[in-house]
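# Structural overview for review
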Amino acid sequence: MGRSFWFECSRCGYRATVSGGADRGRDLFVQTISCRDCRKLYDAVTRLRISEPTPPFGGLLRPLAAKARKSKAAKSKMDSPPSFEAALSRLPCQGVRRSRWQHYKLQCPVSAIHRVSAWNDPDPCPQCGMVLEKNALPYRLWD
Ligand SMILES: [Zn+2]
Ligand SMILES: [Zn+2]
């Protein structure tokens, strides 16, 4: 069960709803990140459970699938983590027999070239550098 919290800056009024560090749900792991380009906090998806479809026709098509996986387009797609919201709205992997964990690098959901770093409560406000105040009650429970 993952939890998101309200974080608020008493100086500049910046507010964010993030987990405030590393957290995990049943099907995904997140890490709160601070983006130096956006000057915002995000929950970045670091691991996502994805289903592995059983190869059709007893694996006859496997060489084709492997070839497709190696293509550049497919590769760059795999490297980009989904946004937190997109990951949450995915269908759950319940009932899927085969699943594996896909790992992702910390990445800003706005742009892959933004400079981000892990942010863990009580790290400073990304806008002004004050310590952010954490609301004690979870903003929401997810997954
Ligand atoms: Zn950014
Ligand atoms: Zn601030």
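Before reading on, note that the structure itself is shown above.
Let us look at the structure shown here. Treat the numbers as computed from the prediction; the structure is a model and nothing was measured.

### As for the overall build of the protein chain
Of the regular secondary structure elements, the protein chain holds three helices and eight strands. Scanning the protein chain from its N terminus toward the C terminus, one meets helices and strands in the order β-β-β-β-β-α-α-α-β-β-β. Taken across its 143 residues, the protein chain has 24% of its residues classed as buried. Across the protein chain, the fraction of contacts at a sequence separation of at least 24, relative to all contacts at a separation of at least 6, is 67%.

### Notes on the sheet that holds strand 8 (residues 133–142)
Strand order in this open sheet of three strands is 2-1-8, and the pairing throughout is antiparallel. The sheet is open, and its two edges are formed by strand 2 (15–18) and strand 8, each paired on a single side. Pairwise comparison of adjacent strand axes, ignoring direction, gives a mean angle of 20 degrees for this sheet.

### Considerations on unusual backbone geometry
Geometrically, the link from Asp-121 to Pro-122 is a cis peptide bond, its omega value of 5 degrees lying close to zero. Structurally, Pro-122 is set in the loop between strand 7 (116–118) and strand 8. The backbone of Arg-39 shows a phi angle near 55 degrees, a positive value even though the residue is not glycine. Along the polypeptide, Arg-39 turns up in the loop between strand 4 (28–35) and strand 5 (40–51). Taking the number of C-beta atoms within 10 Å as the measure of exposure, Arg-39 has 12 and is therefore exposed.

What counts and what doesn't
- Residues numbered from 1 in each chain as written.
- Chains lettered and ligands numbered in written order.
- Predicted model: local features only at pLDDT ≥ 70, side-chain atom pairs only at ≥ 80, totals over all residues.
- Helix = DSSP H or I, 4+ residues; strand = E, 2+ residues; numbered from the N terminus.
- Buried ≥ 20, exposed ≤ 12 C-beta atoms within 10 Å, placed from the backbone.
- Contact = placed C-beta atoms within 7 Å.
- Pairing = 2+ DSSP bridges.
- Axes fitted to C-alpha atoms, helices over the stretch in contact; angles between N-to-C directions.

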